[in-house]
Amino acid sequence: MKTEFQYIGKRVERQDTADKVRGKTKYVGDMTRADMLYGKLLTSDKAHAKVTIDKTKAMMIKGVVAVFTNEDVPQTPYNSNQWFPGAATAEDEYVLHKIAKHVGDRIALVVGETPEAAEKGLNELVVFYDELPVVIGFEEAKKNETVIFGTSNLAFEKSLACGEISEGFDRADIIIEDSGSTPKVHHSAIENHSCLAEIDPFGNLVVWSPCQVVFQVQHIVAKALGIPYDKTRVIKTTIGGSFGGKGIPILEPVCAFAAIKLNRPVQIVMERKDSVAGTRSRNATIQKIRTGITKEGRIVAREIVSEFDGGAYLTNAAAVAMAFGKKAFRLYKIKDQKYTGRTYFTNTVPGGACRGYGSPQLHAVSEININNAAKAVGMDPVQFRILNAVDPQEFILGAKDDIGMPGIGNARIKDCLIQGSEAFDWENKKITVSSKNTNRFAYGIGVAAGVHGNGYHGGFPDYTNVDIQVMPDNRIMVKMGIHDLGCGTVLTMQQIAAEALSINPKSINVPQADTFTSPYDSAGTQASRVTFVNGGALKEAADLLKEKMITSYAKLFNCSVDAISMIDGTIGHEEGKKISYGELAILSEAKLETTLKIYLEYKSKGNPAVYAVSFAEVKVDKYTGLVEVIDLLAVQDAGQVINMTLAEGQVEGGAHMSVGMALSEEIKYDKQGNLKTENFSKYHLINAPSMPKVRTLFIQDGEPLGPYGAKSIGELAAVTPGPAVMNAINDALGTNISDYPATPERIIEALSRMRS
Amino acid sequence: MEINAVINGEKVKVTCHPNKRLIDFLREDMGIISVKEGCGEGECGACTVLLDGKAVTSCTILTGQIDGCEIMTVEGLDKIGELEPITESFVRNGAVQCGYCTPGMVISTKALLNANPNPTEEEIKIAIEGNLCRCTGYNKIENAIKDLKVKES
Ligand code: FES
Ligand code: FES
């Protein structure tokens, strides 16, 4: 029987929307301070060069206060990707660089009294580039003729395996091989990177940042600048989108450095070309996949080799290769499987977290390969997936998967496939779709499945702290290190606490992360951990608070705890007095000398998998190569949706990103490492007329370890729509396009190759 | 140069370099922060304002060009009470996530509804084709605009 919830699953409205519509919400670029200075970053025009900068002329410009280059900043290397101090990694970045390693690399900061002064100063810098050989693309990187860092351009390599693949392939009747590639993707948060740093009246550094992990920013800034952690205050501001792009500190160290040095507030706002060239991107991949199947359509062995373009700095070289690889073992039952990941340095924008972290790349190619496997044995691609998909794992605390990672939990992939194909009308469409074909237009349908996780448990420290308190005015204060990236995280937390305590979510304040006021959180708002881990922590803390409230009431009114109930902000005994939570807080302090408050350190207890399946129908113009997605259904195994409106928003927005990766989005460089896609006129985001309506379907069967059964949604949402569209294109045309994106040029080329 | 314009319903007379981008003039000189910069090249629509009732990107217009014209942003619509139904519909439909594209979307919506109180789905999509949103996939924004149509009796 399903529990009836008071707030969970309900379409509670966000409280921050009205101000955003009215334009009242302040982002970092809208903040001002008395005496504030404006910083403009000089980024490299060359992909690889020793840089010498003559500041003389710039310093003579009226209003230019300072120009900083590598010579002025501390020479402590760091790895901006390191999100907790204990993470083992080499360090190859500096606050500002003397050797530019990619176009867009930060090489100087001009600080002015006004934005115009800083801009003028920037234009007056005389920059000498002593150019070095450039490494672009995998082939160049592998030659190792020019090494970007350390002794080789191979930044990371590792294999994961279960069983023995040679034995598995021996048992296979057919082996299906595919290769494919995925491009570097720009996160395209509409707000560019920005930061404001100042010194507070007590001498603490305060960094205002639209970030995803305040404790990471604190760590990187304190380390890079050699200042005390405890005097480094990082406050997460309203963010104009991130998608992983603002997860790694870029501007914070240099902005903080300037504020300390000049003892005045400094604000830096990037321009779009620098956001594309000088921040982070989704790692490009090239992949080879071999899948061994039996005549009956069972997958018996698989080998996946994926290479990642890590860009110019180490950043996430290891993390992305591992995140990609681990997921290969959690979607289908494959006894013998091996994965090898390798990440290479190139003179391009460094890699970083990007919505889905490895999953979009893995499924982009492997789900095409799965379709080809189904075709090879004459099976329907949905049925083939149902036959091979994993089953839910019995709930045992500490369960493991095939490679020793935390168990997959209540894995409802088969439900996604079965219910999704019904909702999409797959069987019927399969028969009728090609009847729409004309000379010019070809129609096709496609399906793709995918898997993602719920945090870091099993890989890295995954714990958080919650401080929850009943206030005298009958409101609840929740302190925890959360960062709303626009998805509605705050509301999700409000609804979880509201459900536990039976009080209107609007009465609960959940301020966002601030290293001076939020208790420590080990990993921030990334890795799809917030609903599952932070939400799990909040639920547990709220349940403990409820217990404390009930025992306090029993003591105060001298009654047994049994018949005390808490409803809509009021607590009372069957026969006794009903008082508000606030009144109880006041009485508890006055009479019991205690605060109605719980402090909890919560460690994540699992890392279940989440699943999605997308179904797409496309119409391809064979003359122009243009693709129209005419139907898209996204099905997600969500455990329990906390807020249906927010969940749909995640799936619709994720589809935008994923379909974009399939059709048009790609960061491109020429051979010299010059960026060819520095703005939205050349980097093509899908706009409203090209965006299909996204039908959504949530499988809600509860995850035992998740708060009220919930698990992650938002990152997974960006995984399967693209591959489903790609499979639909190949279905329509009879092609096997597996290089993303399927641009009109690629489609025309594939068609002409097929004809010849 | 001296600029005479009506900004958000108020007559203003200010001296400003005619080559200053309108977005910078509105943000820096007028303190109108709803006008956001996302690309600076007329490609994202975050800086959209109404210029004599038409939606334009303020990053591609110079302040000299608005002399004698009327500029309206969401702050102005709010002041004259024309924002309320839009706000209400955007809230109800969950049409806002990070909110960075939102003021620009609202201005394009307003321009559409002024010219065409009963737009079709297609017309709604075209009205916001210049406004990029990375968060929502546009679906809920389109629903919010649909809800604002003058209901035919
Ligand atoms: S900032 Fe004007 S259109 Fe993007
Ligand atoms: S709501 Fe974030 S860009 Fe539109």
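As the structure is a computational prediction, the values presented were derived from the model and not from experiment.

Quick notes on the pattern of salt bridges
When the charged atoms of two side chains with opposite charge come close together, those side chains can pair.
Part 1: Under the definition given, this model contains 66 salt bridges over all chains.
Part 2: Taking the shortest distance from any N to any O, the salt bridge between A:Asp72 and A:Lys55 comes out at 2.9 Å. With A:Asp72 in the loop between strand S3 (64-69) and strand S4 (99-100) and A:Lys55 in the loop between strand S2 (49-54) and helix H2 (56-59), this residue pair connects regions lying 17 residues apart in the sequence.
Part 3: Residue classification places A:Asp72 among the partly exposed positions, given a relative accessible area of 29%.
Part 4: For A:Lys55, a relative accessible area of 23% corresponds to the partly exposed category.
Part 5: The closest approach of N and O atoms between A:Lys335 and A:Asp336, which form a salt bridge, is 3.9 Å.
Part 6: One continuous salt-bridge network, built from bridges that share partners, spans A:Asp19, A:Arg22, A:Lys24, B:Asp78 and B:Glu84.

Some details on helix H3 (residues 84-92) of chain B
Helical geometry note: an α-helix holds 3.6 residues per turn, so side chains three or four residues apart project in the same direction.
Part 1: Listed as buried for H3(B) are B:Ile86, B:Thr87, B:Ser89, B:Phe90 and B:Val91.
Part 2: Looking one or two residues beyond H3(B), the residue adopting positive phi is B:Gly94, at roughly 65 degrees.

Some thoughts on the domain arrangement of chain A
Residues and elements named next belong to chain A.
Part 1: Each assigned domain of chain A is listed here: domain 1 (32-132 + 200-264), domain 2 (284-454 + 608-755) and domain 3 (458-603).
Part 2: For domain 1 versus domain 2, the distance between C-alpha centres works out to 36 Å.
Part 3: Counting from both sides, the interface comprises 20 residues of domain 1 and, opposite them, 21 residues of domain 2.
Part 4: Applying the counting criterion to the domain 1 and domain 2 interface returns zero salt bridges.
Part 5: The tally of links from domain 1 across to domain 2 stands at six residue pairs in polar contact (both at pLDDT 80 or more).
Part 6: The residue makeup of the side of domain 1 that touches domain 2, split by class, is six nonpolar, nine polar and five charged.

Quick look at the confidence of the model for chain B
Part 1: With 98% of its residues at a pLDDT of at least 70, chain B reaches an overall mean of 96.
Part 2: In the predicted assembly, ipTM is 0.98 and pTM is 0.98.

As for the nonpolar core
Across soluble globular proteins, you tend to see nonpolar side chains buried next to one another.
Part 1: Formed by 117 residues in total, the largest nonpolar core has its most connected members in A:Val618, A:Val725, A:Ile729, A:Ile747 and B:Phe90.
Part 2: With nine residues, helix H17 (residues 644-663) of chain A is the single largest residue contributor to this core.

Remarks on the sheet that holds strand S14 (residues 299-311) of chain A
Backbone hydrogen bonds hold the strands of a sheet together, and the pairing may be parallel or antiparallel.
All names here are of chain A.
Part 1: With mixed pairing, the five strands of this open sheet are ordered in space as S7-S15-S14-S13-S8. Every other strand in the sheet has two partners, leaving strand S7 (154-162) and strand S8 (174-182) as the edge strands with one partner each. Across this sheet, the average inter-strand angle for adjacent strands is 10 degrees, counted without regard to direction.
Part 2: Two strands pair when backbone bridges link them, and S7 and strand S15 (residues 336-345) are joined in this way by eight bridges, in the antiparallel orientation. Within S15, the position partnered with Leu154 by the bridge is Tyr344.
Part 3: Its contacts with the sheet place helix H10 (residues 359-376) against S8, strand S13 (284-293) and S14, and it is angled at close to 150 degrees to S8.

What to know about the layout of surface pockets
Part 1: Of the pockets and cavities examined, the largest pocket occupies roughly 900 Å³.
Part 2: Lining the largest pocket are 33 residues, with A:Lys40, A:Pro115, B:Asp24, B:Arg27 and B:Glu28 sitting closest to its centre.
Part 3: Those elements giving two or more residues to the lining of the largest pocket turn out to be strand S1 (37-43), helix H3 (115-123) and strand S12 (266-269) of chain A together with helix H1 (22-29) of chain B.
Part 4: Residues belonging to the lining of the largest pocket are distributed by class as follows: 10 nonpolar, nine polar and 14 charged.
Part 5: Considering only enclosed or pocket space, the second largest pocket measures out at about 690 Å³ in volume.
Part 6: The dominant element in the lining of the second largest pocket, judged by the number of residues it contributes, is helix H9 (residues 317-327) of chain A, at seven residues.

A look at the domain arrangement of chain B
Residues and elements named next belong to chain B.
Part 1: Partitioning chain B into domains gives domain 1 (2-73) and domain 2 (78-152).
Part 2: On the side of domain 2, 12 residues touch domain 1, which itself brings 16 residues to the contact.
Part 3: In total, domain 1 and domain 2 occlude about 1100 Å² of area from one another, counting both sides; carbon and sulfur atoms represent 61% of this.
Part 4: Broken down residue by residue, the surface that domain 1 buries against domain 2 is led by Lys36, Thr48 and Leu50, which jointly contribute 31%.
Part 5: Run the count over domain 1 and domain 2 and you get one salt bridge.
Part 6: The salt bridge involving Lys79 is made with Glu10; its shortest N-O contact spans 3.3 Å.
Part 7: The interface formed by domain 1 and domain 2 includes six residue pairs in polar contact (both at pLDDT 80 or more).
Part 8: Broken down by element, the residue count for the side of domain 1 that touches domain 2 peaks at three residues, all from strand S3 (residues 48-51).
Part 9: Taken together, the residues of the side of domain 1 that touches domain 2 sort by class into six nonpolar, six polar and four charged.

Comments concerning the pairing of strand S18 (residues 476-479) of chain A
Residues and elements named next belong to chain A.
Part 1: Only one face of S18 is buried, namely the one carrying Ile476 and Val478, since none of Met477 and Lys479 on the opposite face is buried.
Part 2: The sheet contact formed by strand S17 (residues 463-470) and S18 spans four bridges and is antiparallel. Within S18, the position partnered with Asp467 by the bridge is Lys479.
Part 3: Hairpin connection between S17 and S18: a loop of five residues separates the two successive antiparallel strands, and Asn474 in this loop has a positive phi of roughly 70 degrees.
Part 4: As defined by bridge partners, S18 adjoins strand S19 (residues 508-509) across two bridges and the pair is classed as parallel. Of the residues in S19, the one forming a bridge with Met477 is Asn509.

A look at the sheet that holds strand S22 (residues 578-580) of chain A
Residues and elements named next belong to chain A.
Part 1: Pairing within the open sheet is antiparallel, and its three strands lie in the order S20-S21-S22. The open sheet is flanked by strand S20 (564-567) and S22, the only strands paired with a single partner. Going from strand to strand, the sheet's axes swing by 20 degrees on average, the running direction of each strand aside.
Part 2: Where strand S21 (residues 570-573) lies against S22, three bridges are found, and the strand directions are antiparallel. The residue bridging Ile571 from the neighbouring strand is Ile579, located in S22.

Quick notes on unusual backbone geometry
Residues and elements named next belong to chain A.
Part 1: A cis amide bond, omega -10 degrees, links Tyr740 with the succeeding residue Pro741.
Part 2: Structurally, Pro741 can be placed in the loop between helix H18 (721-733) and helix H19 (744-755).
Part 3: Positive phi is not limited to glycine here, since Ser528 has a value of about 50 degrees.
Part 4: Note that Ser528 resides in the loop between S19 and helix H15 (530-557).
Part 5: On the accessibility criterion, Ser528 (10% relative accessible area) is buried.
Part 6: A positive phi angle, close to 55 degrees, is found at Asn558, a residue other than glycine.

Analysis parameters
- Residues numbered from 1 in each chain as written.
- Chains lettered and ligands numbered in written order.
- Predicted model: local features only at pLDDT ≥ 70, side-chain atom pairs only at ≥ 80, totals over all residues.
- Heavy atoms only, no water.
- Salt bridge = Lys/Arg side-chain N within 4 Å of Asp/Glu carboxyl O.
- Helix = DSSP H or I, 4+ residues; strand = E, 2+ residues; numbered from the N terminus.
- Buried < 20%, exposed > 50% of the residue type's maximum accessible area, 1.4 Å probe, protein only.
- Domains from an automatic or database assignment.
- Contact = heavy atoms within 4.5 Å.
- Polar contact = N/O pair within 3.5 Å; in protein donor to acceptor, adjacent residues only side chain to side chain.
- Nonpolar A, V, L, I, M, F, W, Y, C, P; charged D, E, K, R; others polar.
- pLDDT = per-residue confidence, 0-100.
- Core = buried A, V, L, I, M, F, W, Y, C linked by side-chain atoms within 4.5 Å.
- Pairing = 2+ DSSP bridges.
- Axes fitted to C-alpha atoms, helices over the stretch in contact; angles between N-to-C directions.
- 1 Å grid on protein atoms, 1.4 Å probe; cavity = no way out; pocket = protein on both sides within 12 Å on 5 of 7 lines; lining within 4 Å.
- Points joined across faces, edges and corners; volume = space filled by probe spheres on them.
- Buried area = accessible area lost by both parts, 1.4 Å probe.

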